[in-house]
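An overview of the molecular structure
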Amino acid sequence: MSELLAILFDINPFTWTSGGEQASSSFLETFQSLIASLNIFLTLNHRNRIAIFLYNAKKKEFLFPRDDDDERLIQNCRFAELDKLVIERFKSVVDELKPEDFDENTKISPTLYRALCCTLIMNHG
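Residue numbers run consecutively from 1 along every chain, following the written order of its sequence. Totals for whole chains, interfaces and linings use every residue, but because this is a predicted model, local features are given only for residues with pLDDT of at least 70 and side-chain atom pairs only at 80 or more, for both listing and counting. As a rule here, side-chain values cover all heavy atoms of the structure and leave hydrogens and water aside.

**Quick notes on the confidence of the model for the chain**
Per-residue confidence from the predictor is reported as pLDDT, which spans 0 to 100. Considering every residue of the chain, the mean pLDDT works out to 76; 70% of them sit at 70 or more. Secondary structure elements follow DSSP: runs of H or I of four or more residues count as helices, runs of E of two or more count as strands, with numbering from the N terminus. No element of the chain has a lower mean pLDDT than helix H1 (residues 13-16), which averages 62, and none a higher one than helix H4 (residues 79-95), which averages 89.

Written out as structure tokens, the structure reads:
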């Protein structure tokens, strides 16, 4: 039996730093640790799958998988390539954040709704 693990990662600096200061490297360090943990989850069963979403008050980003992603990255345990792809996308999204994207009142509900829809589609075609 395979499992699908959906990760919702808050990219709002108000969540990560006090007073809305610019997010430090803790964003990337935490995300890299998360990716290492996801690799372990994927090795438990070769049919396990992941879905990664980033969100803040203004931005909701479906990071992985996307339509053009190669499923063989997971199926063939090519985790170094998968990690590089996902981390590059993460950096790209975070680098594009603007001050107006930040809000103390990040709402997870739109991202959660999108994640649930995605997991239904991934599980039931």
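**Digging into helix H2 (residues 26-44)**
Helix span, as expected, comes to 1.5 Å for every residue beyond the first. With 19 residues, H2 should cover 27 Å at 1.5 Å per step; its first-to-last C-alpha distance of 27 Å lies within 8% of that length. Regarding H2, the residues found buried are Phe27, Phe31, Leu34, Ile35, Leu38, Asn39, Phe41 and Leu42. For H2, the buried positions fall inside an angular range of 160° around the axis, keeping them on one side. Of the exposed residues in H2, the ones pointing more than 90 degrees away from its buried face are Ile40 and Leu44. The rule is simple: take the accessible area with a 1.4 Å probe, protein chains only, and divide by the maximum for that residue type; under 20% is buried, over 50% is exposed, in between is partly exposed. Note: the arc covers the axis-to-C-beta directions of the helix.

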